[in-house]
Amino acid sequence: MKQITLEKLAELTGSTFSGNKDVEISSVASIEKAGQGQVSFISNPKYKKLLKDSQASVVILDADLASEYKGNSLINNEPYLTFAKVLEVFYKDDDSRPAEIHPRAVIGNNVSIAEDAQIGPNVVISKGTIIAAGVKIGAGCFIGEDCSVGERTTLNPNVTLYKETRIGRDSIIHSGAVIGADGFGFALKKDKSWLKILQIGRVEIGNTVEVGANTTIDRAALGVTMICDDVKLDNQIQIGHNVHIDKHTVIAGGTMVGGSTSIGKRCQIGGAVAIAGHISIADDVVITGKTSVIKSISKLGVYSSGTIADENRKWRRNSARFRKLDEMAKTINKLKKHLDG
Amino acid sequence: MKQITLEKLAELTGSTFSGNKDVEISSVASIEKAGQGQVSFISNPKYKKLLKDSQASVVILDADLASEYKGNSLINNEPYLTFAKVLEVFYKDDDSRPAEIHPRAVIGNNVSIAEDAQIGPNVVISKGTIIAAGVKIGAGCFIGEDCSVGERTTLNPNVTLYKETRIGRDSIIHSGAVIGADGFGFALKKDKSWLKILQIGRVEIGNTVEVGANTTIDRAALGVTMICDDVKLDNQIQIGHNVHIDKHTVIAGGTMVGGSTSIGKRCQIGGAVAIAGHISIADDVVITGKTSVIKSISKLGVYSSGTIADENRKWRRNSARFRKLDEMAKTINKLKKHLDG
Amino acid sequence: MKQITLEKLAELTGSTFSGNKDVEISSVASIEKAGQGQVSFISNPKYKKLLKDSQASVVILDADLASEYKGNSLINNEPYLTFAKVLEVFYKDDDSRPAEIHPRAVIGNNVSIAEDAQIGPNVVISKGTIIAAGVKIGAGCFIGEDCSVGERTTLNPNVTLYKETRIGRDSIIHSGAVIGADGFGFALKKDKSWLKILQIGRVEIGNTVEVGANTTIDRAALGVTMICDDVKLDNQIQIGHNVHIDKHTVIAGGTMVGGSTSIGKRCQIGGAVAIAGHISIADDVVITGKTSVIKSISKLGVYSSGTIADENRKWRRNSARFRKLDEMAKTINKLKKHLDG
């Protein structure tokens, strides 16, 4: 267990401090639960009232809050970012397992695995794949032919990469994610049966990307489905074939993105959103949870759709009226004309 | 194959009966399909008309329906519950596999496995984990470090538990479920890139919980994501970090629950619902399918949102009008004022 | 690498051609990216403008577009279908792995595996299961007891089939799919706890069906959950117990289908749709993405619901008005009466 003084913590995180420079910290907890030897944080001023009862040895605060606080504080105008850094100080790289290829891993011909990679039990790596230095592949992962996994990227257990998938460095793929499965493409035959469009493209994932548990990213029909650097995808997301998601965009859980859609840089997309195929979303667009996007969005801004939970009795009446909304509007226009005229 | 008389079935399920006490039953089927030697049920009086053509040897009925029925009936005022009990009589515990740790399982150091547990092929159990009596772990499951799995709990094949996950007794986890993956937390840096907030909490699941196939439950950022006793989660559900779901609550498929949200006791939440993060839902709340919940619900009741499927041509007109609803409302107010004035 | 002349390609796909019959083609690319030796296609006339700059050696066109085009063309009035056939010519059956049961597969008693089946590493096949000729089972798949998998069907890696699941011939199941998990059924006890309804039915999947990555299909409570021939299911779909989906129906990603619902032939259902349980959808119905279907649809047509993404500021006002829509409608009716009267 690490023991770090307040003074040292300030140095490691580029912060200042107030209080006892020698107080020792060994772990992190929430402001309500933190006790002796623990550091906590307040980044949102609305939780300020929790400060006076906190038993934390140190609290991360911005300068304003710190000036009101009598206990030990680690002072930084980005307290949440500082909290993230403090977590890294205490908890990062606690994985002390030695590099190894587990004897129960199955490695195909012509596979290149860097010496310090960790390959877990029951991992299957198919021929032609390249595993870079510092990579960790969890138990039960399947990696198809001709894939590549970049430096220090982690595949948690039970991830599936179809053939030809490329992942950059320092990325994290969570369990149950399936990357590179066939896109959904069929041509209708005269007899109304479907002919599969073979999906011969692939998936490419950049650096410092995170892909959530049970998220699926389909291979392109032709070409590449592209997830650029620093994109963060939550759990249970579906990314269709030939989608392009640009740098720094984050998408919350359960969002569906239709094929061939392009999403810009630094977008923030909520959970349970549905984005149609073949459209494009501009840079810096924010889309709130549960929104349905069926047309391109070309201007930065915050976008929403849907209706808000209401008592079922009221909702039934209102949603019934929605089905007559066009008639209502026409009636209003007539009434207005009548009165104006 | 079990053969059980009507009299015995009444005794085993705390019911009475009418008809031939010696009629033998060996299996269960739906009211339309049941034939000789089979028991069926009607719990909803609207299916009463199916009774007269049924070929079932015995039908589970409430006293009212039984009084109208000339065939053999198993009589109980909770026919659906009785049906569930009858299913248990015929079908429970038909798993006769002996306890074993399959030779293809990979067991880490310092793992404790009760003698009568069943550990399937290709299971990986990491160091420090405790597996209690009567537990069944299906093929290909991965269990991280320092987990615990309580008495008689079943993990179906290909479940993933990240480190430190705790599951109580008599719970069932279905295939593809991922429990304990990182919550979705990132701090924005000045250069617009994201710094991962290490997720150092864990998931705790109570007793007699069911977790559906491909459902994901994220570990807490700090502290615990809590799924209390007798909670039932369907397939494809996402539970964010630090969520708390209280006893006896049921959630149907595809529902997304945002981080730090708290859901009360005995709630019934439909499928494809989206519940925002950082809110709370009171005890005994019912939320119908596809609803979007963005604010806390503090009063028991039935809640809904959304609009209802309509012909596309009509829907296009109505949904276009929705985008002008505020203007419409203002016009109405003006007209009203004009006329009132 | 195959080299095929334009003349030969016309013959193989039942098309005519114009231009140099001897031009050699070896691969397929999109109209913007195709170069020498590559064939591309235009099926939608709105992309016609891309034709004049294309470097493709051959373009698949209908007769109208071909008459305007000076380069080599493969001419067919169903260009998209012809494109699908051309992909098959170049890319189908490139899997040259020999038939084998991998030494790391675990095969139960009384399992029948056809001689030319491919069974990957870490596959578990439980007792009583039948694997037909030409079947491929990818690494890490789990197949429960008494299943059957028909001729030439492929299970990609990490698929889970619960016991008694039957799959027809020429079907494709993608990674992470879970077929045959328990349906979601519980009976409420007096103490407000839940008694599980044992799910004793099974799943049956027809011929030439495709099931997407991480899609879940629950076993029936009693009887059969049925996915008929030529149904195509995208990723992340949930199919409840006792659902019946008839031939040629396609469903896009993330759609939830409630238990006991029946969907007709040749339906086209968009992504992120929610379909309630216990309803029926007629043949040839089209449902657009994100729609909520809570009542049966008995007439063919296109159906939709939902509202469309708008600026958040406007949406907030409009969605607030939605909650008063019934009152608005009543006010309009009064005003109308007042003026008419």
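Note that the structure is predicted; figures quoted are calculated from it, not measured.

Participant: Sorry, what's going on with the pattern of salt bridges here?
Facilitator: As a working rule, side chains carrying opposite charge can pair if their charged atoms are close by. Going through the model one piece at a time under the given rule, you end up with 66 salt bridges over all chains. Here A:Lys21 ties to A:Asp22 by a salt bridge, and the two come within 3.3 Å at their closest N and O atoms. Relative accessible area serves as the criterion here: at 44%, A:Asp22 is assigned to the partly exposed category. Measuring nitrogen to oxygen at the nearest pair gives 2.7 Å for the salt bridge that ties A:Arg321 to C:Asp326. Here A:Arg321, found in helix α4 (residues 312-322), pairs with C:Asp326, found in helix α5 (residues 325-340), and the two come from separate chains.

Participant: Looking at this structure, I do not really get the relation of the copies chain A and chain C. What am I missing?
Facilitator: The relation between the two chain copies is a rotation about an axis coupled with a shift along that axis. For the pair chain A and chain C, the best superposition has an RMSD of 0.0 Å and corresponds to a rotation of 120° with a translation of 0.0 Å parallel to the axis. On this basis, the relationship between the two copies can be described by a three-fold rotation axis.

Participant: Explain the interface of chain B and chain A to me, please; I cannot follow it from the model alone.
Facilitator: Put simply, an interface is often sized by how much accessible area is lost when its parts join up. Counting residues at the interface gives 72 residues for chain B, matched by 68 residues for chain A. Between chain B and chain A, a total of about 5900 Å² is buried, with carbon and sulfur atoms accounting for 65% of that surface. Applying the counting criterion to the chain B and chain A interface returns four salt bridges. Joining chain B to chain A, the criterion identifies 31 residue pairs in polar contact (both at pLDDT 80 or more). Sorting the residues of the side of chain B that touches chain A by element identifies β21 (178-181), β22 (186-188), β23 (194-196), β26 (216-218), β38 (292-293), β39 (301-304), α4 (312-322) and α5 (325-340) of chain B as the ones contributing at least two each. Looking at the side of chain B that touches chain A residue by residue, the class counts come to 37 nonpolar, 21 polar and 14 charged. As paired elements, strand β40 (residues 310-311) of chain A and β39(B) share two bridges and run antiparallel to each other. Residue pairing for β39(B): A:Glu311 is matched across the bridge by B:Tyr303.

Participant: Can you help me understand the packing of helix α5 (residues 325-340) of chain A against α5(C) in this one?
Facilitator: Helix-helix packing: each pair is described by the crossing angle between the helix axes and the interaxial distance. Put simply, α5(A) and α5(C) touch, their axes get as near as 10 Å, and they point 40° apart. Viewed along their axes, α5(A) and α5(C) adopt a mutual orientation that is oblique. The handedness of the crossing between α5(A) and α5(C) is left-handed. Residues A:Leu325, A:Met328, A:Thr331, A:Ile332, A:Leu335, A:His338 and A:Leu339 of α5(A) form the contact with α5(C), whose own contacting residues are C:Leu325, C:Met328, C:Ala329, C:Ile332, C:Leu335, C:Lys336 and C:Leu339. Taken together, the residues that form the contact of α5(A) with α5(C) break down as 11 nonpolar, two polar and one charged.

Participant: Hey, could you run me through the sheet that holds strand β17 (residues 154-155) of chain A in this one?
Facilitator: In a beta sheet, neighbouring strands are held together by backbone hydrogen bonds and run either parallel or antiparallel to one another. Across the sheet, 12 strands lie side by side as β8(A)-β11(A)-β14(A)-β17(A)-β20(A)-β25(A)-β28(A)-β31(A)-β34(A)-β37(A)-β39(A)-β40(C); this open sheet has mixed pairing. Pairing within the sheet leaves two strands with one partner each, and these edge strands are β8 (100-101) of chain A together with β40 (310-311) of chain C. Across two bridges, strand β20 (residues 172-173) of chain A lies against strand β25 (residues 210-211) of chain A in parallel orientation. Considered in β25(A), the bridge of A:Ile172 is made with A:Glu210.

Participant: Got a minute to help me understand unusual backbone geometry in this structure?
Facilitator: Glycine aside, the phi torsion of most residues is negative, and most peptide linkages are trans. Despite not being glycine, A:His278 shows a phi value in the positive range, around 60°. Mapped onto the elements, A:His278 comes out in the loop between β35 (274-275) and β36 (280-281). Residue classification places A:His278 among the exposed positions, given a relative accessible area of 61%. Positioned with a positive phi, C:Gln236 is a non-glycine residue whose angle comes to about 60°. The residue C:Gln236 is located in the loop between β28 (232-233) and β29 (238-239) in this model. Given the relative accessible area of 2%, C:Gln236 is considered buried.

Participant: Please explain helix α1 (residues 6-13) of chain B as it appears in this structure.
Facilitator: Residues and elements named next belong to chain B. Every buried residue belonging to α1 is among Leu6, Leu9, Ala10 and Thr13, and all of these are buried. Within α1, the buried residues cover an arc of 100° as seen down the axis, which keeps them to one side. On its buried face, α1 is in contact with β1 (4-5), β2 (16-18), β3 (24-25), β6 (58-61), β7 (73-75) and α3 (79-91). Downstream of α1 by a residue or two, glycine 14 has a phi angle that is positive, lying close to 65°.

Participant: So what exactly am I meant to see when it comes to the sheet that holds strand β2 (residues 16-18) of chain A here?
Facilitator: All names here are of chain A. Spatially, β2-β7-β6-β5-β4 is the arrangement adopted by the five strands of the open sheet, whose pairing is mixed. What marks the edges here is a single partner per strand, and that holds for β2 and β4 (27-28). Note that β4 and strand β5 (residues 38-41) share two bridges and pair parallel. Looking at the pairing, serine 27 lines up with glutamine 38 of β5.

About the cut-offs
- Residues numbered from 1 in each chain as written.
- Chains lettered and ligands numbered in written order.
- Predicted model: local features only at pLDDT ≥ 70, side-chain atom pairs only at ≥ 80, totals over all residues.
- Heavy atoms only, no water.
- Salt bridge = Lys/Arg side-chain N within 4 Å of Asp/Glu carboxyl O.
- Buried < 20%, exposed > 50% of the residue type's maximum accessible area, 1.4 Å probe, protein only.
- Helix = DSSP H or I, 4+ residues; strand = E, 2+ residues; numbered from the N terminus.
- Least-squares fit on C-alpha atoms with pLDDT ≥ 70 in both.
- Contact = heavy atoms within 4.5 Å.
- Buried area = accessible area lost by both parts, 1.4 Å probe.
- Polar contact = N/O pair within 3.5 Å; in protein donor to acceptor, adjacent residues only side chain to side chain.
- Nonpolar A, V, L, I, M, F, W, Y, C, P; charged D, E, K, R; others polar.
- Pairing = 2+ DSSP bridges.
- Axes fitted to C-alpha atoms, helices over the stretch in contact; angles between N-to-C directions.
- Parallel < 35°, antiparallel > 145°, perpendicular 65-115°, else oblique.
- Left-handed = near helix turned anticlockwise from the far one by under 90°.
- Arc of directions from axis to C-beta.

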